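Structural characterization, general
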Amino acid sequence: MAATERTRAQVHTGLAHLRKVAAAKGLPPVTWDKRWGYRMLDDAPEVWIGYERAFFETVHHRVENFIAGTLLPHQKKTPNDPYIRTVMAQMGAIESTLQLLASLE
């Protein structure tokens, strides 16, 4: 952000665009970790997998918090509503999938 004098949102959007362009051109994925920051490595599946697992874990926690903070109170208020029953079933499946993906060996 400091080097480009852009906002966090602009940098995030730019990195997302860079990932799409790199994928379209067959370049290695753009990854990030605390030690090295952002990088593109040609032959580093362990780095790619670590980044992907961290992503799945982050999204899993967001989904888990959304279920606990928004969907469960909705379900308690209207437990027989077909909409919330469908949403809860689907979100439970999404949560399980993300948890599995984050912990795959």
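Reading the values: the criteria
- Residues numbered from 1 in each chain as written.
- Predicted model: local features only at pLDDT ≥ 70, side-chain atom pairs only at ≥ 80, totals over all residues.
- Heavy atoms only, no water.
- Salt bridge = Lys/Arg side-chain N within 4 Å of Asp/Glu carboxyl O.
- Buried < 20%, exposed > 50% of the residue type's maximum accessible area, 1.4 Å probe, protein only.
- Pairing = 2+ DSSP bridges.
- Helix = DSSP H or I, 4+ residues; strand = E, 2+ residues; numbered from the N terminus.
- Phe/Tyr/Trp six-rings, centres within 6.5 Å; stacked < 30°, edge-to-face > 60°.
- Core = buried A, V, L, I, M, F, W, Y, C linked by side-chain atoms within 4.5 Å.
- Contact = heavy atoms within 4.5 Å.

Details of the pattern of salt bridges
- For the coordinates displayed, the defined rule picks out one salt bridge.
- Note that Arg-39 and Asp-33 form a salt bridge whose closest N and O atoms lie 3.0 Å from each other.
- Residue Asp-33 is classed as partly exposed on the basis of its relative accessible area of 24%.

A closer look at the pairing of strand S1 (residues 30-33)
- When S1 meets strand S2 (residues 37-40), the two strands line up antiparallel, connected through four bridges. Each bridged residue has a counterpart across the sheet, and for Asp-33 the counterpart in S2 is Gly-37.
- Once S1 ends, the chain turns through three residues before running back antiparallel as S2.

A few points about the packing of aromatic side chains
- By the definition in use, this model includes two aromatic pairs.
- Between the aromatic rings of Trp-32 and Tyr-38, the centroid separation amounts to 6.3 Å while the plane-to-plane angle is 55°, which identifies the pairing as tilted.
- Here Trp-32 falls in the partly exposed class, since its relative accessible area comes to 42%.
- With centroids separated by 5.9 Å and ring planes inclined at 65°, the aromatic side chains of Phe-55 and Phe-56 adopt a geometry described as edge-to-face.
- By relative accessible area, which is 47% here, Phe-55 ends up partly exposed.

A look at the nonpolar core
- Listed in full, the eight residues of the largest apolar core are Val-63, Ile-67, Leu-71, Ile-84, Val-87, Met-88, Met-91 and Leu-98.
- Top element by residues in this core is helix H3 (residues 82-103). It accounts for five residues.
- Apart from the residues lying within four places of it in its own chain, the contact partners of Met-88 are Ile-67, Leu-71, Leu-72 and Gln-75.

A word on the environment of Ile-49
- Along the chain, the position of Ile-49 falls in helix H2 (residues 45-77).
- Judged by its relative accessible area of 39%, Ile-49 falls in the partly exposed class.
- The spacing of Ile-49 and Val-59 is ten residues in sequence and 15 Å in space, taken between C-alpha atoms.

Worth remembering: the numbers are spatial, not functional.
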